[in-house]
Amino acid sequence: MEVKLAKSAGFCFGVKRAVETVYEQIEEQKAADKKLPIYTYGPIIHNEQVVKDLEDKGVRVLESREDLEAVREGIVVIRSHGIGKEICELIGKKGLICVDATCPFVKRIHNIVEKESVRGRQIVIIGNPGHPEVEGIKGWCSSPAVVVESEKDAENLVPEKDREICVVSQTTFNYNKFQDLVEILKKSGYNGSVVNTICNATEERQTEAKEIASQADVMIVIGGAHSSNTRKLYEICSRECAQTCFIQSLADLNLELSESVRLVGITAGASTPNNIIEEVQSYVRNEF
Ligand code: SF4
């Protein structure tokens, strides 16, 4: 039996950078004369183990704007998803130190929507309306943005007369679905621009997962239960491989492999630490 681990499994560049930023801040504060409390605006990644480890080292998570309002001093690290302009300004107004670990690919979207909305274009974000990255993007638009997640949303979009649109995407959105939704918008006769802002890391991870799942008898997808990119990976793999399982860590894995299993594929979402992937991989290699 062969075990094939996706090369693109696990932390992407932006998440790795954000997590490392928090650990760097911890080290800096250890060495500082006047120690400041460290906060992250939202959990730094969708991984309970990492968040717990940071918590043990004194890093607290601000869950909301109200939590931020209550902070008197300290350092606020912005995670890779980014935040809206208003929250950024609030951090500054309160005299807190902002360490911005927004992924540069997300920052690029902020810059696009800010510029295009100031030009008067209607911003259309293809993505999940509840996702913090989408919330952050909306927060850089000078007029309200529209979020399109499904075909129905795209069909129901009523064009404003003589107003061009600018379409961007949540970085972790499924590429094919993005194209389908853009097609619907184009057929409705919208004018304007479409910028594919789906991050390569996601596209590569999705393409590789699909390829491995299409050959595998069993496919294992590792990632946080709340991680939307992991859920999408699971969706993609399930379509290719009937025996696809979604686990957070080795503890969730309940594998029974029959003799006929030739290939077990493994992939992991963007916020899955390497040690968890390694654990699962060596378990499957050694136990079966
Ligand atoms: Fe950045 Fe892409 Fe990772 Fe999102 S998925 S944090 S855009 S590298």
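Participant: Got a sec to walk through the overall build of the chain? Specific residues and values, please.
Facilitator: If you tally the helices and strands in the chain, you get 11 helices and 12 strands. Relative to the compact-globule value of 19 Å for 288 residues, the chain shows a C-alpha radius of gyration of 21 Å, a close match. Structurally, the chain occupies a C-alpha span of about 60 × 60 × 25 Å along its principal axes. Looking at the chain as a whole, 50% of its 288 residues qualify as buried. Contacts in the chain between residues far apart in sequence, at least 24 positions, make up 71% of those at least 6 positions apart.

Participant: Outline helix 5 (residues 104–118), supporting the account with residue identities and numerical values.
Facilitator: Because the α-helix completes a turn every 3.6 residues, residues three or four places apart line up on one side. The terminal C-alpha atoms of helix 5, which comprises 15 residues, lie 21 Å apart, in line with the 21 Å expected from a rise of 1.5 Å per residue. Among all positions in helix 5, only Val106, Ile109, His110, Ile112, Val113, Glu116 and Ser117 are buried. Viewed along the axis of helix 5, the buried residues span an arc of 165°, placing them on a single side of the element. Facing away from the buried side of helix 5, by more than 90 degrees, are the exposed residues Lys115 and Val118. At its buried positions, helix 5 is contacted by strand 6 (122–126), helix 6 (132–138) and strand 8 (165–169). One or two steps after helix 5, the chain reaches Gly120, where phi turns positive at roughly 100°.

Participant: Would you mind going over the packing of helix 9 (residues 200–215) against helix 10 (residues 228–240) in detail, with residue names and values included?
Facilitator: Running from N to C, helix 9 and helix 10 cross one another at 30°; their axes reach a closest spacing of 8 Å. Classified by the interaxial angle, the pair formed by helix 9 and helix 10 is roughly parallel. Between helix 9 and helix 10 the crossing geometry is right-handed. Judged by residue contacts, Arg205, Gln206, Ala209, Lys210, Ala213 and Ser214 of helix 9 engage Asn229, Lys232, Leu233, Ile236, Cys237 and Glu240 from helix 10. Grouping the constituent residues of the contact of helix 9 with helix 10 by class yields 5 nonpolar, 3 polar and 4 charged.

Participant: So what's going on with the environment of Glu63? Residues and values would help.
Facilitator: Note on placement: Glu63 falls in the loop between strand 3 (60–62) and helix 3 (65–69). The exposure class of Glu63 is exposed, given its relative accessible area of 59%. Placed 29 residues apart in sequence, Glu63 and Gly92 show a C-alpha to C-alpha distance of 18 Å.

Participant: Just give me the short version of the sheet that holds strand 8, but keep the residues and values in it.
Facilitator: On the basis of which strands lie adjacent, the open sheet formed by 4 strands has the order 7-6-8-9 and parallel pairing. The two strands at the open ends of the sheet, each matched to only one other strand, are strand 7 (146–148) and strand 9 (192–194). The sheet shows a mean angle of 20° between the axes of neighbouring strands, direction not considered. Relative to strand 8, strand 6 runs parallel, the two being bridged by 5 bridges. By the bridge assignment, Gln122 is partnered in strand 8 with Ile165. The sheet contacts of helix 8 (residues 175–187) involve strand 6, strand 7, strand 8 and strand 9, and relative to strand 8 the element is tilted by about 170°.

Participant: Kindly report on the site of the ligand, identifying the contributing residues and their values.
Facilitator: The ligand sits among Cys12, Gly14, Ser80, Cys103, Phe105, Thr171, Cys199 and Thr202. In terms of residue class, the shell around the ligand is made up of 4 nonpolar, 4 polar and no charged.

Participant: Account for the sheet that holds strand 5 (residues 97–100), naming residues and giving values.
Facilitator: Read from one edge of the open sheet, 4 strands run 3-2-4-5, paired in parallel fashion. The two strands at the open ends of the sheet, each matched to only one other strand, are strand 3 and strand 5. Between one strand axis and the next, the sheet turns by 30° as a mean value, whatever way the strands run. Examined bridge by bridge, strand 2 (residues 38–41) and strand 3 share 3 bridges and lie parallel to one another. Bridging from a neighbouring strand, Tyr39 pairs with Arg60 of strand 3. Relative to strand 4 (residues 75–78), helix 1 (residues 13–31) is tilted by about 165°, and along the sheet it contacts strand 2, strand 4 and strand 5.

Participant: Now, about the side chain of Thr40: what can you tell me, with residues and values included?
Facilitator: Along the chain, the position of Thr40 falls in strand 2. Using a relative accessible area of 1% as the deciding quantity, one classes Thr40 as buried. Side-chain polar atoms of Thr40 contact the backbone oxygen of Gly42, separated by 2.9 Å. For Thr40, the residues in contact, after removing those within four places along its chain, are Val22, Val59, Arg60, Val61, Leu62 and Val77.

Participant: Provide a residue-level description of the pattern of salt bridges, including the pertinent values.
Facilitator: Tallying each qualifying case throughout the model produces 15 salt bridges. Salt-bridge contacts for Glu116 lead to Arg121; the nearest nitrogen and oxygen are separated by 2.9 Å. Side by side, Glu116 and Arg121 carry an identical accessibility label, which is buried. For Glu160, the salt bridge identified is with Arg163, shortest N-O distance 3.1 Å. Among the residues examined, Glu160 registers a relative accessible area of 46% and is labelled partly exposed. Linked by salt bridges that have partners in common, Glu116, Arg119, Arg121 and Glu164 make up one network.

Criteria and thresholds
Residues numbered from 1 in each chain as written. Predicted model: local features only at pLDDT ≥ 70, side-chain atom pairs only at ≥ 80, totals over all residues. Heavy atoms only, no water. Helix = DSSP H or I, 4+ residues; strand = E, 2+ residues; numbered from the N terminus. Rg over C-alpha atoms; globule rule 2.2 N^0.38 Å. Buried < 20%, exposed > 50% of the residue type's maximum accessible area, 1.4 Å probe, protein only. Contact = heavy atoms within 4.5 Å. Expected span 1.5 Å × (residues − 1). Arc of directions from axis to C-beta. Axes fitted to C-alpha atoms, helices over the stretch in contact; angles between N-to-C directions. Parallel < 35°, antiparallel > 145°, perpendicular 65-115°, else oblique. Left-handed = near helix turned anticlockwise from the far one by under 90°. Nonpolar A, V, L, I, M, F, W, Y, C, P; charged D, E, K, R; others polar. Pairing = 2+ DSSP bridges. Near = heavy atom within 4 Å. Polar contact = N/O pair within 3.5 Å; in protein donor to acceptor, adjacent residues only side chain to side chain. Salt bridge = Lys/Arg side-chain N within 4 Å of Asp/Glu carboxyl O.

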